[in-house]
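# A look at the structure
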Amino acid sequence: MKKHNFSAGPCILPEEVLKQASEAIINFNNDNLSLIEISHRSAPFVEVIEKARSLALELLGLENKGYKALFLQGGASMQFLMVAYNLLNKKAAYLNTGTWADKAIKEAKEFGEMIEVASSKDKGFSYIPKDYTIPTDVDFFHCTSNNTVAGSQMHEFPETDVPLICDMSSDIFSRQLDFEKFDLIYAGAQKNMGPAGATLVIIKEEILGKVERHIPSMLNYQLHIDKDSMYNTPSVFAIYVSMLTLQWLKDLGGIPFIEKVNKQKAALLYAEIDRNPLFKGIVAKEDRSTMNATFTLTDDSLKETFDTMWKDANINGINGHRSVGGYRASMYNALPLSSVQALVDVMQALEKNQK
Ligand SMILES: *Cc1c(COP(=O)(O)O)cnc(C)c1O
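Residues numbered from 1 in each chain as written. Predicted model: local features only at pLDDT ≥ 70, side-chain atom pairs only at ≥ 80, totals over all residues. Heavy atoms only, no water.

## Topic: the sheet that holds strand S8 (residues 164–167)
- Across the sheet, which stays open at both edges, the seven strands sit in the order S2-S10-S9-S8-S5-S3-S4 with mixed pairing between neighbours. The sheet is open, and its two edges are formed by strand S2 (67–72) and strand S4 (113–119), each paired on a single side. The average undirected angle you get between the axes of adjacent strands in this sheet is 20°.
- Where strand S5 (residues 141–144) meets S8, four bridges bridge the pair, whose relative direction is parallel. (Pairing = 2+ DSSP bridges. Helix = DSSP H or I, 4+ residues; strand = E, 2+ residues; numbered from the N terminus. Axes fitted to C-alpha atoms, helices over the stretch in contact; angles between N-to-C directions.)

Listed below in structure tokens is the structure:
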């Protein structure tokens, strides 16, 4: 039996996507060749990447609105520096909501003045700062929609006239947002879309071309746009699986459908965390993430018992990040409600054991 996979990333993918992907490794398109041994410039693969790029824009409602979708390499971490390289002339504003935002900030400082408008570092990133002002003279504002490590999520985004840039690695395609508010969105594939190795970048093309520095080819968004995301060999397998996942999501009913399921899953788990006296949530309630729920035991001496119980229940991947401790249950798009129920059942069984 397949495990209930709560892994934070790389993470669970839809079963049918894994089946299709494994077939394509042996025999892609019934052509008696493997997907990973054909030219990335062959017609069948060009079709794959074009479909992945258009599905991404379609699902976000960004078709024909001046946006381009790219599949690049280097992970979301490479975007921390590419964003600054391509867009930071003099100064930029950043919101510091977690480990990943912190790393993006570190890279930005290499390219100009970095203004940290607010930070929740003082409280271990357990909330989203809300009262801050974005200066009007910055080149852009950067935020992280979902903080994978701490388990917090931005449920509102600031109104601003400067370009809005967002690291959506761990909640892209999970909920409806006014995506047109954003000028650049990036996401490593391995949280909600596919295997590691590809990073989706969605750019409003008009924000480019405004920095004076020379940008090396591989780091230049405009060049990747001009070359249709094929300047060099792209991550063919990761892009193929991402395309399958995006098609899976579209067939299900797209983001409006999956958002409902994601809300149900999160509601079920958080209700148990709040009800069960043996557990408590880590993040401020109004800022909790629907994707990554972080929680701890109220009595640490139960750790061994609880860990044995969830492992016996076929559950995988709920150990908290090493910097936070406790537990983290990641409930990405492909995780079924029944897996969350399995975890809740174990939490309830632990409580019964204690009585
Ligand atoms: C995982 C993650 C990253 C880093 O992604 P890599 O692909 O490993 O570079 C960046 N931001 C967020 C929000 C993440 O969850």
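From this point, the narrative continues.
## Remarks on the side chain of Gln 79
- By the element assignment, Gln 79 lies in helix H3 (residues 75–87).
- Non-local contacts of Gln 79, meaning those with residues more than four positions away in its chain, are made with Leu 72, Tyr 186, Thr 199, Val 201 and Tyr 221. (Contact = heavy atoms within 4.5 Å.)

## What about the nonpolar core?
- The biggest cluster of nonpolar side chains holds 88 residues, and the ones touching the most others in it are Phe 141, Phe 173, Ile 202, Leu 269 and Phe 306.
- Among the elements that make up this core, the one with the highest residue count is helix H6 (residues 236–252) (10 residues).
- Here this core spans two domains, and each of domain 1 (15–252) and domain 2 (254–353) adds at least three residues to it.
- Those residues in contact with Phe 173 that sit more than four places away from it in its chain are Ala 56, Leu 59, Leu 60, Asn 192, Met 193, Leu 200, Leu 246, Leu 249, Ile 255, Ile 258 and Asn 333. (Core = buried A, V, L, I, M, F, W, Y, C linked by side-chain atoms within 4.5 Å. Buried < 20%, exposed > 50% of the residue type's maximum accessible area, 1.4 Å probe, protein only. Domains from an automatic or database assignment.)

## Quick word on the domain arrangement of the protein
- Its domain assignment divides the protein into domain 1 (15–252) and domain 2 (254–353).
- In this structure, domain 1 and domain 2 have C-alpha centres spaced 27 Å apart.
- Counting residues at the interface gives 28 residues for domain 1 and 26 residues for domain 2.
- Inspection of the region where domain 1 meets domain 2 yields two salt bridges. (Salt bridge = Lys/Arg side-chain N within 4 Å of Asp/Glu carboxyl O.)

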